[in-house]
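Chain and residue survey
Residue-level listing of the chains:
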Amino acid sequence: MEIVKIGNVELTREEAERYYSEEKYIVTYGCIYQLFYSTAQRTVYGKGIYKQAGMTKRGRFFAMDAKTVNHLVGFKLVNE
């Protein structure tokens, strides 16, 4: 089973591809990651787009849609 690491979050390849296809963002304690697909590497990877402490409990993560991410940060960070 292949593991995809996005920040401190470890996902299976299938989970990462599902979140990417559903246009979800990975929200951790200190960062929000946008998912991208690399055709060269044939895998999903995440890039940090916003940093703020305390968005989740430490050690937890959530996969959120754009509307929920914007609500969480209190302004329009990503396009809905």
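Details of the structure are given in the entry above.
Below or above, wherever it landed, is the structure these notes cover.

Criteria and thresholds
- Residues numbered from 1 in each chain as written.
- Predicted model: local features only at pLDDT ≥ 70, side-chain atom pairs only at ≥ 80, totals over all residues.
- Heavy atoms only, no water.
- Phe/Tyr/Trp six-rings, centres within 6.5 Å; stacked < 30°, edge-to-face > 60°.
- Helix = DSSP H or I, 4+ residues; strand = E, 2+ residues; numbered from the N terminus.
- Buried < 20%, exposed > 50% of the residue type's maximum accessible area, 1.4 Å probe, protein only.
- Lys NZ or Arg CZ within 6 Å of the ring centre and 35° of its normal.
- Core = buried A, V, L, I, M, F, W, Y, C linked by side-chain atoms within 4.5 Å.
- Contact = heavy atoms within 4.5 Å.

**Here's the deal with the packing of aromatic side chains**
On inspection of all chains with the given rule, the structure shows three aromatic pairs. Ring centres of tyrosine 50 and phenylalanine 75 lie 5.8 Å apart, and the angle between their planes is 70°; this geometry places the pair in the edge-to-face category. Of this pair, tyrosine 50 sits in strand E5 (residues 43–51) while phenylalanine 75 sits in the segment after helix H2 (66–73), and the two are 25 residues apart along the sequence. According to the relative accessible area criterion, tyrosine 50 is buried, its value standing at 18%. Exposure remark for phenylalanine 75: the relative accessible area of 39% places this residue in the partly exposed category. One residue, arginine 58, lies across the ring of tyrosine 29, its end atom 4.0 Å from the ring centre.

**Here we look at the nonpolar core**
Counting 11 residues, the largest nonpolar core is built from Val4, Ile6, Val9, Leu11, Ala16, Tyr19, Ile26, Cys31, Tyr33, Leu35 and Val44. When residues of this core are traced back to their parent elements, those giving at least two are strand E1 (3–6), strand E2 (9–12), helix H1 (13–21) and strand E4 (31–38). Once you skip the residues sitting within four places of it in the chain, valine 9 turns out to touch Val4, Ile26, Thr28 and Phe61. Ranked by size, the runner-up nonpolar core spans 10 residues in total, among them Tyr25, Ile32, Tyr50 and Met55.

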